[in-house]
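Given next are the chains, with one letter for each unit.
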There are 4 protein chains.
Amino acid sequence: MVIAVIGDSSCPLEEAKVAEIVGEILAQRGAIVICGGLGGVMEAVCRGAKSKGGLTIGVLPGENPSMANPWVSIPIATGIGYARNMAVVKSAQAVIAIGGNYGTLSELAYALKSNIPVIGLNTWLLSRNGQEDAPIIRVNSAREAVDKAVSLAKKKVV
Amino acid sequence: MVIAVIGDSSCPLEEAKVAEIVGEILAQRGAIVICGGLGGVMEAVCRGAKSKGGLTIGVLPGENPSMANPWVSIPIATGIGYARNMAVVKSAQAVIAIGGNYGTLSELAYALKSNIPVIGLNTWLLSRNGQEDAPIIRVNSAREAVDKAVSLAKKKVV
Amino acid sequence: MVIAVIGDSSCPLEEAKVAEIVGEILAQRGAIVICGGLGGVMEAVCRGAKSKGGLTIGVLPGENPSMANPWVSIPIATGIGYARNMAVVKSAQAVIAIGGNYGTLSELAYALKSNIPVIGLNTWLLSRNGQEDAPIIRVNSAREAVDKAVSLAKKKVV
Amino acid sequence: MVIAVIGDSSCPLEEAKVAEIVGEILAQRGAIVICGGLGGVMEAVCRGAKSKGGLTIGVLPGENPSMANPWVSIPIATGIGYARNMAVVKSAQAVIAIGGNYGTLSELAYALKSNIPVIGLNTWLLSRNGQEDAPIIRVNSAREAVDKAVSLAKKKVV
């Protein structure tokens, strides 16, 4: 099972803490973590996953695998810039969004377009008529995020 | 001056009408229209622009230029699927969003990430704390959209 | 009719001269020139085409349209790096290769894979068993290259 | 260490046999195998690697991870079509090419452009003036290919 974790490359400390715990629990559940391979939320989730023996994939925008953060097990150097945001989410059976800026927003959009389940932790609210209009599952803790993601990913794999 | 017009490939009639008028006025102002090259809003804006002698670029997801709508002057067959959404907006000096679904949302995200001015006609509201949190300039008419887009694009070119 | 012209961003003077003449004749025949938008052969072919009133499309690797050479009418800022090489050839009905290094080689590969006619002026020889093994049409002059390209592109369009 | 193995999705039996042995030996040396994730040479190398407990990455052209061959441990669904050929080689420290058609040719081109060492088993000969003109290291057996690849990849990593 592959779970994508998305969020900004520069994030507040509390967001990084949440991402790290998400990574830890994902690894404990046996899920592979895929992310954009850079800093901030991406680095924190990889650090958490690695600390529990997990496998982490970093889908990088650049051409050089060595640009990945140190907790990426396998860097994929796409060389396609931020068009790689699509690949990050499409390779997963569920997506956990933690906070996030415009890059994360593009990843949310691609996941929703592909009907990949999205779990949101304090992330973008998307509306068309003033009320939320995207099937993002809102949760309030790292554990809840992983529970939802793993359960929805299993349905998707089957 | 190149202006991107983004919106869904399947849209209500009134949205298509607005897109067509946007295309007409853009052509009258001498702007080149760039879009995703498919149906719906993309087709309507190209039809409008062509009817006034404008030039239209369609940046297609597929590998075959002949998949463009009939009002595309120059189809670009990227072959990179919906990763082409990034190229649509990055090639423009301003973006006009008309309605739109998740594909349009990804284009908004890429434009905002690149600081390309975005003008919105009944499009996504993006918020992080319950209040709008993206510098989308909201307008209510085709003419107003073009006025804003052209004026902001000129500043960007200079 | 859209003809791609491919070659290195840094090329000998005589190659640039040939590229410029190819651009001039393509414009005189009413063909739109598409290329990678940068220097060397790409710049020379655009300069030639523009000098005869032609339209030139530059499909750039980067995110900034202003990186195009000055003779590009319409820059497409793909932001996908050298993955844009695929888009350059797929958007054309025929390809003219002038000299070229590894980037050009990838473009030849994509064109051949898609059965887009390729005309070669002093470009790569590709073989699998010691003898040429790719349907590149070898020519010796700019005029011959354009004649072949235009005639094959017409068949492809129909 | 990550080694890319490239070749056609439809290949003669003896080529598949060679690819399988390459996969086996790579896994025995502890190398991660990256490839395009589809059939033919890609499937054979994954099957070989998995049979020896190796880890295999399949960088797919499509949007659906389930399109990977059954011996891919981790499918990356890029959704960018054959522009993914660039990502396959750039993520590796060395490339082994086995036979191959035009897709493989584009991968060779990207690897050579990026100065990633390329080892060739009965693959394309590339020349500009009638004599080979690309630093492809020619070998005659699966074992020799892996020996060269591993030794060059180690230098690159350091």
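On a predicted model such as this, the values are computed, not experimentally measured, just so you know.

Asker: Please clarify how the interface of chain B and chain A should be interpreted in this entry.
Answerer: Note on interface size: it is often stated as the accessible area lost on association of the parts. Counting residues at the interface gives 24 residues for chain B, matched by 24 residues for chain A. Between chain B and chain A the total buried area reaches about 2200 Å² when both faces are included, carbon and sulfur atoms providing 64% of it. Our enumeration of links across chain B and chain A arrives at 0 salt bridges. Run the count over chain B and chain A and you get 6 residue pairs in polar contact (both at pLDDT 80 or more). Every element with two or more residues in the side of chain B that touches chain A is listed here: helix 3 (84-90), helix 4 (102-113) and strand 7 (125-127) of chain B. With 8 residues, the top contributor of residues to the side of chain B that touches chain A is helix 4 of chain B.

Asker: Please clarify how the relation of the copies chain B and chain A should be interpreted in this entry.
Answerer: There are two copies of the chain, and a rotation about an axis plus a shift along that axis relates them. The two copies are related by a screw motion: chain B maps onto chain A through a turn of 180 degrees and a shift of 0.0 Å along the axis, at an RMSD of 0.0 Å. Here the copies are linked by what is in effect a two-fold axis. Among all residues of chain B, the minimum C-alpha distance to the rotation axis is found for S106 of chain B, at 2.2 Å. Residue by residue, 100% of the interface of chain B is reproduced at the interface of chain A, so both copies engage with the same surface.

Asker: Whenever I open this one, the interface of chain C and chain B confuses me. Can you help?
Answerer: With 18 residues of chain C in contact, the opposing surface of chain B contributes 18 residues. When chain C packs against chain B, close to 1500 Å² is buried across both sides, 70% of that on carbon and sulfur atoms. Ranking the residues of chain C by area buried against chain B places I74, I76 and K90 of chain C at the top, with a combined share of 30%. A salt bridge links K90 of chain C to E63 of chain B; the shortest N-O distance between them is 3.0 Å. Inspection of the chain C/chain B interface yields 4 residue pairs in polar contact (both at pLDDT 80 or more). Looking at the side of chain C that touches chain B, the elements with two or more residues in it are strand 2 (32-35), strand 4 (74-77) and helix 3 (84-90) of chain C. Split by residue class, the side of chain C that touches chain B holds 12 nonpolar, 4 polar and 2 charged.

Asker: So what exactly am I meant to see when it comes to the packing of aromatic side chains here?
Answerer: We describe a pair of aromatic rings using the distance from one ring centre to the other and the angle between the two ring planes. Applying the stated criterion across every chain, the model contains 6 aromatic pairs over all chains. Taking 5.7 Å as the distance between ring centres and 25 degrees as the angle between the ring planes, the aromatic pair formed by Y102 of chain B and W124 of chain B counts as stacked. Highlighted residues: Y102 of chain B in helix 4 and W124 of chain B in the loop between strand 6 (118-121) and strand 7, separated in sequence by 22 residues. Side by side, Y102 of chain B and W124 of chain B carry an identical accessibility label, which is buried. Just above the ring of W71 of chain A sits the side chain of R47 of chain A; from NZ or CZ to the centre is 5.4 Å.

Procedures and definitions
Residues numbered from 1 in each chain as written. Chains lettered and ligands numbered in written order. Predicted model: local features only at pLDDT ≥ 70, side-chain atom pairs only at ≥ 80, totals over all residues. Heavy atoms only, no water. Contact = heavy atoms within 4.5 Å. Buried area = accessible area lost by both parts, 1.4 Å probe. Salt bridge = Lys/Arg side-chain N within 4 Å of Asp/Glu carboxyl O. Polar contact = N/O pair within 3.5 Å; in protein donor to acceptor, adjacent residues only side chain to side chain. Helix = DSSP H or I, 4+ residues; strand = E, 2+ residues; numbered from the N terminus. Least-squares fit on C-alpha atoms with pLDDT ≥ 70 in both. Nonpolar A, V, L, I, M, F, W, Y, C, P; charged D, E, K, R; others polar. Phe/Tyr/Trp six-rings, centres within 6.5 Å; stacked < 30°, edge-to-face > 60°. Buried < 20%, exposed > 50% of the residue type's maximum accessible area, 1.4 Å probe, protein only. Lys NZ or Arg CZ within 6 Å of the ring centre and 35° of its normal.

This is a description of form; function is not addressed.
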